[in-house]
Amino acid sequence: MLRAVRGGRAVWAPRGGSGSGSGGAKLGRPLRTAAPQRSDIFRELGPRLSRLGQALRGQLPESEGAWNSLRPHQNSPPPPERADVVVVGGGVLGWSVAYWLKTLENRRHGMRVVVVERDPTYSQASTVLSVGGIRQQFSLPENIRLSLQSATFLRTINEHLWVPNEPPIDIQFQPSGYLFLASEHGAATLEAGVKVQREEGAKVALLSPSQLKAKFPWINTENVAVASYGLENEGWFDPWSLLNAFRRKAMSLGVYSCVGEVTSFVADTADNTPGMPRGVGRVKYVNVRLPDSPEQQPVSCAIVVAAAGAWTGKLLDSATAGLQGSLTLRRLPIEPRKRYVYVWHCPGGPGLETPFLIDTSGAYFRREGIAGNYLGSMSPPEGREPDVGNLEVDHDFFQEEVWPRLAHRVPAFRSLKQVKSAWAGYYDYNAFDQNGVLGPHPQLPNVFVLGGFSGHGLQQSPAAGRVAAELLLHGSCAAVDVGRLAPGRLWGSEPLLEAAIV
């Protein structure tokens, strides 16, 4: 999913009632689908102000409160010469695993963790260009469990990520749920998915067309055979707030942050790790190119976590180019895919109870605040992937593909002729089976891969980061079995297919 912009009333609040008032969910209790309160109209100034605020925050020096953001690279110290773990990528997944590594270690200051991010402004980062959805409506148990665990974490986020003497964290959660629509062709798949979701503990209701129309009168139910509606722990939130919360907490625990680009790995070719193919050794150093400089800083390390989002595949291709020796390293099929998001205004559109709707056609939309704004889009048809060389928006795509589908489903949208604003962002797309890749690289014994979530990495980042940290520290994870998500499946195995990819 692509970029969230702030709107509406926060519901996930810190203990003590700060943040959401009487409409907020209590900590430790499920988040139930409910309409936000009609207040804080200033958040309704729109996506443009939110995007401007993000850009400005990315350029400010460290300061107190919610404006405490990422320092410009000129003030960023070079990486240390030695680290236990180097996390390549400072998106929400990278900072999540860094936070969990420090939280779960047995002794304070016992592990040196370094996060390397090449773009401190996050101008092209998937995290901050996301629409910020969270759901449990998946077909694979692994995805359902990761999202359920993440929802629990986010519900009690101030118990985890709050930094003393700082304001409470407010991720501006909107608990309006997800609504998936299925035609006759997709009804059996959707119903089978709901059965798995319920078995895993998710609260999801099945609605017939008549029930759907009664609950949401603004929907045209033509060609809808059944719908699934998330009753709790589903909706959307502000990705920027979550990223900053992970980063600030991790740094308070001693994680090093540096700006630079990891250009190459240096391996010990004499490594005789049992079971490893000849010609491949453990990575001993990562070379970090400093910003605005040809200089490179080698950092010795025991573990490398490849969490570079949409560029994880490219990172491993370039960084391992000199490691092949007598063995050809297999390419990791994680790549960027460009997706558009459009924002429009429709005063007579669906009201405050509007869920995050996924149409039978694949088009989606959700409410953006309380003043009649909406955002939405869809993935391009097969064979029409846009050029990833830039983040320019194709406005014709909205007119030709997105708008007709949404106007059919929501008659109130038929009067729309143009959008108010739009942006593009990247999915960290797993071209093999569109599911997350989480585990040690099969050919590089101390390189751990965390990426390829194909649009659901943001919402699963709290749980995925913890699972990765537990696997690195203990070799196993009791909470969520992610064995099927290991990178080894990408070569020679059957795809691990997820039916509910948006």
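What counts as what
- Residues numbered from 1 in each chain as written.
- Predicted model: local features only at pLDDT ≥ 70, side-chain atom pairs only at ≥ 80, totals over all residues.
- Heavy atoms only, no water.
- Pairing = 2+ DSSP bridges.
- Helix = DSSP H or I, 4+ residues; strand = E, 2+ residues; numbered from the N terminus.
- Axes fitted to C-alpha atoms, helices over the stretch in contact; angles between N-to-C directions.
- Contact = heavy atoms within 4.5 Å.
- pLDDT = per-residue confidence, 0-100.
- Phe/Tyr/Trp six-rings, centres within 6.5 Å; stacked < 30°, edge-to-face > 60°.
- Buried < 20%, exposed > 50% of the residue type's maximum accessible area, 1.4 Å probe, protein only.
- Lys NZ or Arg CZ within 6 Å of the ring centre and 35° of its normal.
- Salt bridge = Lys/Arg side-chain N within 4 Å of Asp/Glu carboxyl O.
- Parallel < 35°, antiparallel > 145°, perpendicular 65-115°, else oblique.
- Nonpolar A, V, L, I, M, F, W, Y, C, P; charged D, E, K, R; others polar.

### Notes on the sheet that holds strand β18 (residues 437-440)
Reading across from one edge, β8-β2-β1-β12-β19-β18 is the order of the 6 strands in this open sheet, with mixed pairing throughout. Every interior strand has two partners, whereas the edge strands, β8 (256-259) and β18, have only one. Shown here is a sheet whose adjacent strand axes are inclined to one another by a mean of 15°, direction ignored. Here helix α10 (residues 457-474) sits on the sheet in contact with β12 (303-306), β18 and β19 (447-451), set at roughly 170° to β19.

### Digging into the confidence of the model for the chain
Here the chain averages 85 in pLDDT, and 81% of its residues register 70 or above. Overall, residues 1-73 carries pLDDT values under 50, and its contacts beyond four positions in sequence, including any with other chains, amount to 203 contacts.

### Some points on the sheet that holds strand β5 (residues 204-207)
Across the sheet, which stays open at both edges, the 8 strands sit in the order β5-β6-β4-β14-β15-β16-β13-β17 with mixed pairing between neighbours. What marks the edges here is a single partner per strand, and that holds for β5 and β17 (421-430). Strand after strand, the sheet turns through a mean of 20° between neighbouring axes, direction not considered. Of the pairings in the sheet, the one linking strand β15 (residues 364-367) to strand β16 (residues 373-377) comprises 4 bridges and is antiparallel in character. Bridge pairing in β16 links Y364 to S377.

### Section: the packing of aromatic side chains
For the coordinates displayed, the defined rule picks out 22 aromatic pairs. Measuring from centroid to centroid gives 5.2 Å for W311 and Y426, while their planes differ by 80°, and the two rings are edge-to-face. Remark: Y426 occurs in strand β17 and W311 occurs in the loop between β12 and α8 (312-319); sequence separation between them is 115 residues. Accessibility classification places W311 together with Y426 in one group, the buried group. On the numbers, 5.1 Å between centres and 85° between planes, the contact of F365 with F413 is edge-to-face. Pair noted here: F365 is in strand β15 and F413 is in the loop between α9 (395-409) and β17, with a separation of 48 residues, a long-range link. Both residues of the pair, F365 and F413, count as buried. Among the aromatic side chains, those forming a connected cluster through ring pairs are F216, W218, Y229, Y340, Y342, W344, F365, Y374, F397, F398 and F413. Between the NZ or CZ atom of R135 and the centre of the ring of F138, over which it lies, the distance is 4.0 Å. Taking NZ or CZ as reference, R339 lies 5.3 Å from the ring centre of Y427, over its face.

### Brief notes about the pattern of salt bridges
Applying the stated rule across the entire model yields 18 salt bridges. R145 is paired through a salt bridge with E200; the nearest N and O atoms lie 2.9 Å apart. Placement of the pair is R145 in helix α3 (residues 141-155) and E200 in the loop between α5 (184-199) and β5, with a sequence separation of 55 residues. According to the relative accessible area criterion, R145 is partly exposed, its value standing at 29%. Across the pair D359 and R409 runs a salt bridge whose closest N-O atoms are separated by 2.6 Å. In this pair, D359 is assigned in the loop between β14 (356-358) and β15 and R409 in helix α9, connecting sequence segments 50 residues apart. Of the two residues examined, D359 and R409, each falls in the buried class. Salt bridges sharing common partners tie together E335, R337, R339 and E385.

### Notes on the packing of α3 against α10
Taken N-terminus to C-terminus, the directions of α3 and α10 make an angle of 100°; their axes are 7 Å apart at the nearest point. Of the possible angle classes, the one that applies to α3 and α10 is roughly perpendicular. Every residue of α10 that contacts α3 at N143, L146, S147, Q149, S150, F153 and L154 is listed here: Q459, Q460, S461, P462, A463, A464 and V467. Tallied by class, residues from the contact of α3 with α10 come to 7 nonpolar, 7 polar and no charged.

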